[in-house]
Amino acid sequence: MDESRKQFEAEIEHSYGEDFLVVDDDGDYANWITADLWEFWVKSRAAIEIELPEWFSPHDCGDRAMWSDAVEKAIRAAGIKVKE
């Protein structure tokens, strides 16, 4: 199970209880509300797009790199938290 689904299921369990996390034989959520919410969750995550700063070549050695603070700034500008 990926991190996004773990986050989703934690929110569902907190708000609705573990009964809303039951899955059927196909692995889909048995509860239609949970199934719809999962679909909305996936679509909202798919819409996230972050424009990263341009690459640069440090010391003209041909290796490409980015400054981590510039990447962190781009991520935060998209409204996403950066884990410390």
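Right above here is the structure, for reference.
Conventions used here
Residues numbered from 1 in each chain as written. Predicted model: local features only at pLDDT ≥ 70, side-chain atom pairs only at ≥ 80, totals over all residues. Heavy atoms only, no water. Patch = residues over 30% accessible without salt bridge, like charges linked within 9 Å, V, L, I, M, F, W, Y side chains within 5 Å. Areas by Shrake-Rupley, 256 points an atom, 1.4 Å probe, with all protein chains shown as cover. Salt bridge = Lys/Arg side-chain N within 4 Å of Asp/Glu carboxyl O. Lys, Arg positive; Asp, Glu negative; His and termini not counted. Charge placed at Lys NZ, Arg CZ, Asp CG, Glu CD. Helix = DSSP H or I, 4+ residues; strand = E, 2+ residues; numbered from the N terminus. Buried < 20%, exposed > 50% of the residue type's maximum accessible area, 1.4 Å probe, protein only. Phe/Tyr/Trp six-rings, centres within 6.5 Å; stacked < 30°, edge-to-face > 60°. Lys NZ or Arg CZ within 6 Å of the ring centre and 35° of its normal. Polar contact = N/O pair within 3.5 Å; in protein donor to acceptor, adjacent residues only side chain to side chain. Contact = heavy atoms within 4.5 Å.

**Re a negative patch on the surface**
Taken together, Asp 24, Asp 25, Asp 26 and Asp 28 make up a surface patch of like negative charges. Here Asp 24 is to be found in the loop between α1 (3–16) and α2 (32–46). For Asp 24, a relative accessible area of 33% puts it in the partly exposed group.

**Quick look at the packing of aromatic side chains**
Applying the stated criterion across every chain yields a total of five aromatic pairs. Grouping aromatic residues by their ring pairs yields a cluster made of Phe 8, Tyr 29, Trp 38 and Trp 41. Here Arg 5 stacks its cationic end above the ring of Trp 38, 4.7 Å away from the centre of that ring.

**What about the environment of Glu 9?**
Structurally, Glu 9 can be placed in helix α1. Of the residues examined, Glu 9 reaches a relative accessible area of 15% and is grouped as buried. C-alpha separation for the pair Glu 9 and Phe 20, spaced 11 residues apart in sequence, amounts to 9.1 Å.

**Considerations on the side chain of Ser 4**
Mapped onto the secondary structure, Ser 4 falls in helix α1. Only 2.8 Å separates the side chain of Ser 4 from the side chain of Trp 41, close enough to count as a polar contact. Beyond its immediate sequence surroundings of up to four residues, Ser 4 is in contact with Trp 38, Trp 41 and Arg 45.

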